[in-house]
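Take a look at the letters that make up each chain.
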Amino acid sequence: MMAGSTLRKVKSKSWKKQRHFRLLEDGLTIWYKSRWATSTLSVTEVEAVREGHQSEVLLSVAEEFPADVCFTLVFHGRQGNLDLVTETPEEAKAWIRGVLPLDPRHSRAGVFSPQRLLRWVWDWFQRADKNKDGKMNFKEVRTLLKMMNVDMDEEHALHLFTMADKSESGSLEIEQFVHFYKMLTQRDEVWKVFQDYAEDGEKLMLNELENFLSIEQHEGEQSSQHARELIDRYEPSGSAKKQSAMSLDGFQIYLCSLEGSVFKPEHRELHQDMSQPLCHYFISSSHNTYLLEDQLRGQSSLEAYIQALKRGCRCVEVDCWDGSDGEPVVYHGHTWTSKILFRDVVSTLKEYAFKASDFPVILSLENHCGVEQQTLMAQHLTQILGDTLLSAPLDGQLPQQLPSPQELRGKILLKAKKISDPGDCVDETPTDEVSDEEEMANDDAESPSTEDPPPAECANETGKKSKSKLSRDLSDLVVYCKSVHFHGFEHARAHAQCYEMSSFSESKAKRLAKDAGTDFVQYNARHLSRIYPGGLRTDSSNYNPQEMWNVGNQIVALNFQTAGLEMDLNDGLFGQNGGCGYVLKPDFMRDGSTRFGPEKPGERRGYRPLRLSIQVISGQQLPKVNQKEGSIVDPLVRVEIYGVPQDQAKEETSHINNNGFNPVWNETLNFVVHAPELALVRFEVEDYDKASRNDFIGQLTLPFACIQAGYRHIHLLSKDGTAIPPSSLFVNVRELEG
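Residues numbered from 1 in each chain as written. Predicted model: local features only at pLDDT ≥ 70, side-chain atom pairs only at ≥ 80, totals over all residues. Heavy atoms only, no water.

Naming follows an unreviewed UniProt entry, where the protein chain appears as Phosphoinositide phospholipase C of Cyclopterus lumpus.

Participant: Is there a simple way to explain helix α20 (residues 506-515) in this structure?
Facilitator: For an α-helix, 3.6 residues make a turn, and residues three or four places apart therefore share a direction. Buried residues of α20: Glu506, Lys508, Ala509, Leu512 and Ala513, and no others. Burial along α20 is one-sided: seen end-on, the buried residues are contained in an arc of 165°. Facing away from the buried surface of α20 by more than 90 degrees, the exposed residues are Lys514 and Asp515. (Buried < 20%, exposed > 50% of the residue type's maximum accessible area, 1.4 Å probe, protein only. Helix = DSSP H or I, 4+ residues; strand = E, 2+ residues; numbered from the N terminus. Arc of directions from axis to C-beta.)

Participant: Help me understand the UniProt feature "binding site: Ca(2+) 4" (unreviewed entry) in the protein chain in this model?
Facilitator: If you check UniProt for "binding site: Ca(2+) 4" (unreviewed entry), the listed places come out as Ile632, Asp634 and Asn658 in our numbering. The greatest C-alpha distance among the residues just named is 6.8 Å, despite their covering 27 residues of sequence, which places them together in space. Tracing the backbone shows aspartate 634 in the loop between β23 (610-620) and β24 (635-642). Each residue touching aspartate 634, except ones within four places of it in the same chain, is listed here: His655, Ile656, Asn657, Asn658, Glu686, Asp687 and Tyr688. Structurally, the position occupied by asparagine 658 is in the loop between β25 (649-652) and β26 (664-673). Look at asparagine 658 and you get partly exposed, because its relative accessible area is 34%. (UniProt positions renumbered as here; feature names shortened; annotations may be inferred. Contact = heavy atoms within 4.5 Å.)

Participant: Even after reading the chapter, I still don't get the pattern of salt bridges, so can you show me in this structure?
Facilitator: Between side chains of opposite charge, a pair can form when the charged atoms approach closely. In the structure shown here, the tally under the stated rule is 27 salt bridges. The salt bridge involving lysine 310 is made with glutamate 47; its shortest N-O contact spans 3.0 Å. With lysine 310 in helix α13 (residues 302-310) and glutamate 47 in strand β5 (residues 46-51), the pair connects residues that are 263 residues apart, well separated along the chain. Relative accessible area serves as the criterion here: at 29%, lysine 310 is assigned to the partly exposed category. (Salt bridge = Lys/Arg side-chain N within 4 Å of Asp/Glu carboxyl O.)

Participant: I keep staring at the confidence of the model for the protein chain and nothing clicks. Help me out?
Facilitator: Detailed reading of the predicted model is not advised wherever pLDDT is low. Summary statistics for the protein chain give a mean pLDDT of 88 and a share of 89% for residues scoring 70 or more. Long-range and interchain partners of residues 103-110, a stretch whose pLDDT sits below 50, account for 28 contacts in this model, where long-range means more than four residues apart. Residue range residues 445-449 is modelled with pLDDT below 50. Its contacts to residues more than four positions away, or to other chains, number four contacts. (pLDDT = per-residue confidence, 0-100.)

Participant: Mind showing me how you'd approach the side chain of glutamine 561 here?
Facilitator: By the secondary structure assignment, glutamine 561 is in the loop between β21 (555-558) and α23 (565-574). Engagement of the side chain of glutamine 561 in a polar contact is seen with the side chain of serine 540, the distance being 3.2 Å. Contacts of glutamine 561, omitting those with residues within four sequence positions, involve Arg78, Leu291, Leu292, Glu293, Gln295 and Ser540. (Polar contact = N/O pair within 3.5 Å; in protein donor to acceptor, adjacent residues only side chain to side chain.)

Participant: Got a minute to help me understand the sheet that holds strand β3 (residues 29-33) in this structure?
Facilitator: In any sheet, the strands associate via hydrogen bonds between backbone groups, in a parallel or an antiparallel arrangement. Here seven strands make up an open sheet; going across it, the order is β4-β3-β2-β1-β7-β6-β5 and the pairing antiparallel. Across the chains shown, the open sheet's two edge strands, defined by having one partner strand only, are β4 (38-42) and β5. The mean inter-strand angle of the sheet, taken between neighbouring strand axes irrespective of direction, is 35°. Against the sheet, helix α2 (residues 89-99) makes contact with β1 (5-10), β2 (16-23), β3, β5 and β6 (70-75), and its axis sits at roughly 85° relative to β1, the strand it touches most. (Pairing = 2+ DSSP bridges. Axes fitted to C-alpha atoms, helices over the stretch in contact; angles between N-to-C directions.)

Participant: Explain the environment of leucine 536 to me, please; I cannot follow it from the model alone.
Facilitator: Within the secondary structure layout, leucine 536 lies in the loop between β20 (529-532) and α22 (546-549). We classify leucine 536 as exposed; its relative accessible area is 84%. When the C-alpha positions of leucine 536 and glutamine 295 are compared, they lie 9.6 Å apart, and in sequence the two are 241 residues distant.

Participant: Explanation requested: the packing of helix α14 (residues 342-352) against helix α15 (residues 371-385) in the structure shown.
Facilitator: To characterise two packed helices, one gives the angle between the axes of the helices and the distance between these axes. Interaxial distance between α14 and α15 falls to 10 Å at its minimum, and their mutual angle equals 25°. The angle between α14 and α15 falls in the class roughly parallel. Read as a crossing pair, α14 and α15 show a hand that is right-handed. On α15, the residues touching Phe342, Arg343, Val346, Ser347 and Lys350 of α14 are Met377, His380, Leu381, Ile384 and Leu385. Class assignment of the residues belonging to the contact of α14 with α15 gives a composition of six nonpolar, two polar and two charged. (Parallel < 35°, antiparallel > 145°, perpendicular 65-115°, else oblique. Left-handed = near helix turned anticlockwise from the far one by under 90°. Nonpolar A, V, L, I, M, F, W, Y, C, P; charged D, E, K, R; others polar.)

Participant: What's the story with the pairing of strand β13 (residues 315-321) in this structure? I'm lost.
Facilitator: Across a regular strand the side chains alternate sides, sitting on one face of the sheet and then on the other. Taking burial as the measure, the seven residues of β13 include seven buried ones, the bulk of the element. By the alternation rule, side chains of β13 split into Cys315, Glu317, Asp319 and Trp321 and Val316, Val318 and Cys320, which are all buried. Alignment of β13 against strand β16 (residues 361-367), held across six bridges, turns out to be parallel. Its bridge partner being in β16, cysteine 315 is matched across the sheet by isoleucine 362. Sheet topology places β13 next to strand β14 (residues 329-330); two bridges connect them, and they run antiparallel. Counted as the bridge partner of cysteine 320 is valine 330 from β14.

This is the structure:
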């Protein structure tokens, strides 16, 4: 790999260009060159390597290139795949075997172990060593400090350099550079906390570590056992371990670990009761899942389904239209978006539905097809999915309440319209002449009320019914997610079955939440409901999902392809419970007679507001925003609460001039939270700019209920939601009775 290979980079059937690829000396960067330019990619960005024809692009050239010379690099976040073709099968195997083991950073939440940190330091050394002589002179050190976001005066930098240059040669080799790095990253704020509990100032004895865990980390009775475990797990010194003690190095490694994270480690695992009815859970959900870009001209792609499913999405959307050759196609109708085959979407679901989570996937069908192609859709679903498709009630009987995620493990459920049984009151619209979203868009324009008129056919004394255009074969596959028109909360209370569900545009859902919040919460305790973005969001932007979760809506569909605040909130909510895509709603939202409403959170049993105090102490190695030479960030920290209207709040620190490497704030931000069970807390770091809008640096969003009190590190994520180690914040969190 270091010698280099000439590979074909493939973008389409007609775009296949030769590029020279090689691994650089740092062992982390792949460099490649075209006729006109050079590019690089970091192996730390690679999530997986797929062998053979495992992408749409490589499938399209399968006749030209055999599978054994093809492979695909799949990247973290929303970055597109890189499809490559080698000259020989042996060359393909070498690259496939080689890429993933190179990455020292495959770890949860971007947390560094000491070994990964040393590799990261080596990476910096390689980048700063401009003349590649294995040494770094002081000029190269100055360049390095700028690269690392450090604005340090020359005198202090020279002092550190001289201390590290034990051989007095005027340059640093790698071992000396590691020593230089340790001096550079010395954490005075951690040392002060350590000193408060270490009587001799050198090490924490077992009882001293117990006191720290009990008093500062709020661990209570378990602190004794936990102290022993932490020493065994994180103390690098053998002699300290023998004394059942923890050195400053061990203490800092613990604080930077997952256990020292602000996110409770036990809440990252699957820990919630999964035996409640399906409607008692928030469900990670995608809108127009097939799109990689905007809603008008964007590419439709199977890769979009793969990306959503691997993020834990449990409700995906398929817009189906009659294909010109008899095969139904998926695309955003009446637009210039590209088309993919329905059967290929189903095959992709079959392969990827349960890789991130084995809890049920809901296939939300927007059906625009004629009866003939609907019947073909039913065939594809049954033949490709087999037993994975739930096509009949679990016990042969339609239930009084929905089954649980636990009972539906490994199953795909179809959400669509259904031919009503004889004697049932069906919707007044012909069942499939318009899709859910078109129907709701029309309804939004016509009806500002929270109570729509009852179905026309129910009121029609002649008994005549509109002619259905649904395929019976497709209709019969709908079991627990029957799409129906919403006629108001009173009508639903009197007539709706538990397996009937409605879709709401974001504007209608917001209106119902504001005008009849408690009714909406009660409705969602018995039924599933789906919310989707308004039709004007042609740029694939998103609405704030928190407003929908506040009234218990389960399927809050977002454009997963669009990074930003809204997807940060979604990732924050569903980052808990093993990332399984299901989060149990608070108990006051699972009671059909609840009095809770988001506008008045105090009117419920068990109301207990909490005070949240966050001391923002320091930041560590924040990434550069502007890559121009000499540019250093001026960071500030903003903490935001998202929840019921009364809880919406934000506070921020002052900014620190020219220090993204180790800024220190020591500022405390305070909040009162009235519905902590629903609240999300977002930590965002920005680069202050007095002349224009601040630039985003990093963020972490998590549920209030998942926050660990005490001295904690917040491991920051990029705008794309991927880890950016070792960038972090150091905070002290306190939760108090309101």
